[in-house]
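# Chain and residue survey
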Amino acid sequence: MNTSVPGGPDPKEKGAIFLGWLKKRGGLRGVVDCERKCKENGFEAKWFIKDMGEERIALYLSRGNKVIVLKDKVWADQWMIHYDLEVPHHRHWIDL
Amino acid sequence: MNTMSERTLPELPESLEEFLDIPYGGLFGNSALAQIVEGIVADPTIHYRPKYLEELTGRKPKTVRDALQKLVQLGLIENVSKDSHHPVYRVVVESKKFIALSLLAYALLDDRDKTRCMDTAILDYYHKNLENQDKPLAHATASPEMWGITADGKPHKHGFVVAEGV
């Protein structure tokens, strides 16, 4: 982990994994996929959005379906670097 | 106060629709292989079972099995299971292909949104992985001429003589 602390709310390591996942999938993804990914990391998507702030990550509608969009990529980048996830190395592997 | 699910949500801008749920913005089509590659590169922190990827992609078991076999051959994933009947795969994060695909994912965002995600990732990768191992090499191989310091007073740049007046 990098020692300097970025600005904005701390997504924590598991949240940063989700942000990285979202960022590598075009920065937007259907809510069902997002909820699954958040659940794998031990939290709920809707609370994560609320805690991080809708100016950073928000829900949209696409043809009647909910979509989560990463809006503040600079903020996400900073926390991903902080948790060493921008280009990940060995991590704590999770068995599904 | 309304919750997010209760109030009316904004519509996704039309320009983003085409990037939704298609791997790498459609650069490699929407094949099972592309879907799986994007999925595993996006989160290399977990171990993947074929059943999980079948659910993720909506593809048939054989299609997923074939794609996984291909990715093992290419060295992007490896089977870490001791049970030959129940394979479990991890992403080979040391693979240059994994790093390049991560950067590609950021590049697609950058071209679309005019952001600098790829540049940020390259800088971070350089500082964490390359700087220490390549700096001594750079110092050892650097000649004064490379930096424009010449004994004869002729202008040099990057080891090449720069033609004056050009």
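Cut-off values and rules
- Residues numbered from 1 in each chain as written.
- Chains lettered and ligands numbered in written order.
- Predicted model: local features only at pLDDT ≥ 70, side-chain atom pairs only at ≥ 80, totals over all residues.
- Helix = DSSP H or I, 4+ residues; strand = E, 2+ residues; numbered from the N terminus.
- Contact = placed C-beta atoms within 7 Å.
- Nonpolar A, V, L, I, M, F, W, Y, C, P; charged D, E, K, R; others polar.
- Pairing = 2+ DSSP bridges.
- Axes fitted to C-alpha atoms, helices over the stretch in contact; angles between N-to-C directions.
- Parallel < 35°, antiparallel > 145°, perpendicular 65-115°, else oblique.
- Left-handed = near helix turned anticlockwise from the far one by under 90°.
- Domains from an automatic or database assignment.
- Buried ≥ 20, exposed ≤ 12 C-beta atoms within 10 Å, placed from the backbone.
- Core = buried A, V, L, I, M, F, W, Y, C linked by C-beta atoms within 7 Å.

### Examining the overall build of chain A
Secondary structure assignment for chain A yields four helices and four strands. Mapped from its N terminus to its C terminus, chain A presents α and β elements in the order α-β-α-α-β-β-α-β. Relative to all contacts within chain A whose residues are 6 or more apart in sequence, the contacts with residues 24 or more apart total 63%.

### Describing the interface of chain A and chain B
Accessible area lost on assembly of the parts is the figure often given for the size of an interface. Taken together, the 32 residues of chain A in the interface contact 35 residues of chain B. Taken together, the elements giving at least two residues each to the side of chain A that touches chain B come down to helix H1 (12-23), strand S1 (28-30), helix H3 (45-52), strand S2 (57-62), strand S3 (65-70), helix H4 (73-82) and strand S4 (94-95) of chain A. Per-element tally for the side of chain A that touches chain B: the top contributor is S2 of chain A, with four residues. Split by residue class, the side of chain A that touches chain B holds 14 nonpolar, six polar and twelve charged.

### Remarks on the sheet that holds S1 of chain A
Residues and elements named next belong to chain A. One open sheet accounts for three strands, arranged S1-S3-S2; its pairing is antiparallel. Both outer strands of the open sheet, S1 and S2, are each paired with one neighbouring strand and no more. Strand-to-strand twist in this sheet, taken as the mean axis angle between neighbours without regard to direction, amounts to 30°. Across three bridges, S1 lies against S3 in antiparallel orientation. In the sheet register, Gly-30 faces S3, and the bridge partner there is Val-67.

### Things to note about the packing of helix H3 (residues 50-57) of chain B against helix H4 (residues 61-73) of chain B
Helix packing for two helices is described by the angle between their axes and how far apart those axes are. All names here are of chain B. Running from amino to carboxyl end, H3 crosses H4 at an angle of 115°, the nearest separation of the two axes being 9 Å. Put simply, H3 runs roughly perpendicular to H4. Crossing of H3 against H4: the hand is right-handed. Between H3 and H4, the contacting residues are Pro-50, Leu-53, Glu-54 and Thr-57 on the first element and Pro-61, Val-64, Arg-65 and Leu-68 on the second. Across the contact of H3 with H4, the residue classes break down as five nonpolar, one polar and two charged.

### What about the pairing of S2 of chain A?
Here six bridges tie S2 of chain A to S3 of chain A, and the two strands are oriented antiparallel to one another. By the bridge assignment for S3 of chain A, Ile-57 of chain A is matched with Leu-70 of chain A.

### Remarks on the domain arrangement of chain B
Residues and elements named next belong to chain B. Here chain B is described as being made up of domain 1 (14-115) and domain 2 (116-166). Across the boundary between the two partners, domain 1 contributes eight residues, which contact six residues of domain 2. Within the side of domain 1 that touches domain 2, the residues separate by chemical class into five nonpolar, two polar and one charged.

### A word on H4 of chain A
Residue and element names in this part refer to chain A. Among the ten residues in H4, seven count as buried, and that is most of the element. The complete set of buried residues in H4 reads Lys-73, Trp-75, Ala-76, Asp-77, Trp-79, Met-80 and Ile-81. Remark: Asp-84 follows H4 within two positions and exhibits a positive phi of approximately 60°.

### Remarks on the packing of H1 of chain A against H4 of chain A
All names here are of chain A. Look at H1 against H4: their axes get within 9 Å of each other, and the N-to-C directions meet at 130°. By the angle between their directions, the pair H1 and H4 is classed as oblique. Note that H1 runs across H4; the crossing there is left-handed. Here H1 contributes Ala-16, Leu-19, Gly-20 and Lys-23 to the contact with H4, which in turn contributes Lys-73, Ala-76, Trp-79 and Met-80. Class assignment of the residues belonging to the contact of H1 with H4 gives a composition of five nonpolar, one polar and two charged.

### Remarks on the environment of Tyr-83 of chain A
One can find Tyr-83 of chain A in the loop between H4 and S4. Separated by 37 residues in the primary sequence, Tyr-83 of chain A and Lys-46 of chain A have C-alpha atoms spaced 22 Å apart.

### With respect to the nonpolar core
Ranked by internal contacts, the top residues of the largest apolar core, which has 56 residues, are Leu-19, Ile-68 and Met-80 of chain A together with Ile-36 of chain B. With seven residues, the single largest contributor to this core is helix H2 (residues 32-42) of chain B. Each residue touching Ile-36 of chain B, except ones within four places of it in the same chain, is listed here: Leu-53, Thr-57, Val-64, Ala-67 and Leu-71 of chain B.

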